[in-house]
Amino acid sequence: MATALDADALRSRLVAPNGPYAALDVVESTPSTNADLAAATGAADRTVLIALEQTAGQGRRGRGWSSPVGGLYVSVLFRPAGVSPARLPWLNLIAGLALVRVAHSAGVEASLKWPNDLLLGAGAGKGAGILAEITASGDVVVGIGLNVAKLPADVQPAPGGLAPTSLEDAGASELDREELAFRLLVELAGLEGVWRKNGGDAVESGLLEEYLEHSATVGSRVRVELSGGAQLEGVAQRVEADGTLVVRGADGVEHGVSAGDVVHLRQA
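Residues numbered from 1 in each chain as written. Predicted model: local features only at pLDDT ≥ 70, side-chain atom pairs only at ≥ 80, totals over all residues. Heavy atoms only, no water.

1. Some words on the overall build of the protein chain
- When helices and strands are tallied, the protein chain shows five helices and 12 strands.
- Taking 2.2 N^0.38 as the reference for a compact globule, 268 residues should give roughly 18 Å; the C-alpha atoms of the protein chain span a radius of gyration of 18 Å, in line with that estimate.
- Over its C-alpha atoms, taken along the principal directions, the protein chain stretches across nearly 55 × 45 × 35 Å.
- Looking at the protein chain as a whole, 51% of its 268 residues qualify as buried. (Helix = DSSP H or I, 4+ residues; strand = E, 2+ residues; numbered from the N terminus. Rg over C-alpha atoms; globule rule 2.2 N^0.38 Å. Buried < 20%, exposed > 50% of the residue type's maximum accessible area, 1.4 Å probe, protein only.)

Below, the structure is given as structure tokens:
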């Protein structure tokens, strides 16, 4: 597997006038691509930063995210004019759909655990994580960490006990990170573009239907770990148009969850 990405080659394929992005850069290592883009004064809509390694990658709720060499770490700054702030959380789910498409193109079974995990292979291990953050100026930085090469033995399980995995561990037919980066960014731009054109409406853009096709969460018994230590256990019923997960608790009442860590439970 190549140890570097050709930034010029990616720019020639992905940056205007030949592609949908405004700017693209590649670095070998950085603490966090999301933090770098969030601090990039004057960065244009659809600016991309790719790293081959992150030394201080972040997951949800400020957790560390293991980012070893051999993965693909991509952040994109979006400024979706005309989309209501209430619909911006869909960028998290859109990134998940882009990852599913890339995994399928590499011959790997893939599904999505709400709100931000890509599950790979028959064992449904965690192969990628997503972190979408709104900056002080109202832009959204979407960070994606995709495990490509075989993982080191000391990589720890994800929250909820999900076993870590990678495209190579899952038997992918495509492991060239440059080609994977290209495919991921093309899919992400296409999905986000349709969503933006429809004012962020996930139903009109067809994204909700596609998301439900690939959801491993809907229909599963789950435990949702909420802020403040609260927990909700029940069966995930659906994902709403605004991206909210609806869980029917043991009391039969449906609860809408907009944020939280989801653990898939064994069926009784």
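2. Some thoughts on the environment of Asp251
- Mapping Asp251 onto the fold places it in the loop between strand E10 (245-249) and strand E11 (254-257).
- The class for Asp251 is exposed, based on a relative accessible area of 55%.
- In the structure, Asp251 is positioned 181 residues away from Gly70 in sequence and 46 Å away in space, judged by C-alpha atoms.
- Looking at Asp251, its side chain comes within polar contact range of the main-chain nitrogen of Val253, at 3.0 Å. (Polar contact = N/O pair within 3.5 Å; in protein donor to acceptor, adjacent residues only side chain to side chain.)

3. Thoughts on the environment of Gly143
- The topology assignment puts Gly143 in strand E7 (residues 140-147).
- Considering only alpha carbons, one finds Gly143 and Ala95, 48 residues apart in sequence, at a separation of 8.7 Å.
- Excluding anything up to four places from it in sequence, Gly143 contacts Asn34, Val74, Ser75, Gly129, Ile130 and Leu131. (Contact = heavy atoms within 4.5 Å.)

4. A closer look at the nonpolar core
- Formed by 66 residues in total, the largest nonpolar core has its most connected members in Leu24, Ile50, Leu72, Trp90, Leu118, Leu185 and Leu188.
- Looking at this core element by element, the count peaks at 11 residues for helix H3 (residues 90-105).
- In this structure, Leu188 is in contact with Tyr21, Val76, Phe78, Ile94, Ala95, Ala98 and Ile144, ignoring residues within four places of it in sequence.
- One finds Leu37, Ala43, Leu49 and Val141 within the second-largest nonpolar core, a separate group that totals five residues. (Core = buried A, V, L, I, M, F, W, Y, C linked by side-chain atoms within 4.5 Å.)

5. A few points about helix H1 (residues 7-14)
- Three or more residues of H1 are buried, namely Ala7, Leu10 and Leu14. Seen along its axis, H1 keeps its buried residues to an arc of 65°; they face one direction.
- Those residues of H1 that are buried lie in contact with strand E1 (23-27), strand E2 (47-51) and helix H4 (177-197).
- Between the side-chain oxygen at the start of H1 and the backbone nitrogen of Asp8 there is a gap of 3.1 Å, and the oxygen is on Asp6. (Arc of directions from axis to C-beta.)

6. Thoughts on unusual backbone geometry
- Put simply, Ala16 and Pro17 share a cis peptide bond, and its omega is 15°.
- Inspection of the secondary structure puts Pro17 in the loop between H1 and E1.
- Across the junction of Trp114 and Pro115, the peptide omega takes the value 0°, indicating a cis bond.
- With respect to the helices, strands and loops of the structure, Pro115 is situated in the loop between strand E4 (110-113) and strand E5 (117-120).
- Here Arg46, not a glycine, exhibits a phi torsion of approximately 65°, which is positive.
- Residue class for Arg46 comes out buried when judged on its relative accessible area of 13%.

7. Description of the sheet that holds E7
- If you trace the seven strands from one edge of the open sheet to the other, you get E1-E2-E3-E7-E6-E5-E4, paired in mixed fashion. If you trace the sheet from one side to the other, it starts and ends with E1 and E4, each paired once. For this sheet, the mean inter-axis angle between neighbouring strands, taken without regard to orientation, is 15°.
- Pairing analysis gives eight bridges linking strand E3 (residues 71-78) to E7, with the strands arranged antiparallel. What sits directly across from Tyr73, in E7, is Gly145.
- Most of the contacts of H1 go to E1, to which it runs at about 160°, and overall it touches E1 and E2. (Pairing = 2+ DSSP bridges. Axes fitted to C-alpha atoms, helices over the stretch in contact; angles between N-to-C directions.)

8. With respect to the packing of H3 against H4
- It is the contact of H3 with H4, at a shortest axis distance of 9 Å, that shows an interaxial angle of 140°. Comparing the axis directions of H3 and H4 gives the class oblique. For the pair H3 and H4, the crossing hand works out as right-handed. From H3, Trp90, Leu91, Ile94, Ala95, Leu97, Ala98, Leu99, Arg101, Val102 and Ser105 reach across to H4, where they touch Leu180, Arg183, Leu184, Glu187, Leu188, Leu191, Glu192 and Trp195.
- When its residues are assigned to classes, the contact of H3 with H4 shows 13 nonpolar, one polar and four charged. (Parallel < 35°, antiparallel > 145°, perpendicular 65-115°, else oblique. Left-handed = near helix turned anticlockwise from the far one by under 90°. Nonpolar A, V, L, I, M, F, W, Y, C, P; charged D, E, K, R; others polar.)

9. Remarks on the pairing of E4
- Residues Ala110 and Leu112 of E4 are buried on one face, and the alternating residues Ser111 and Lys113, pointing to the opposite face, are buried as well.
- Relative to E5, E4 runs antiparallel, the two sharing four bridges. Bridge pairing links Ala110 to Leu120 in E5.
- Between E4 and E5, which follow one another and run antiparallel, lie three residues.

Any functional reading would require information beyond the geometric quantities listed.
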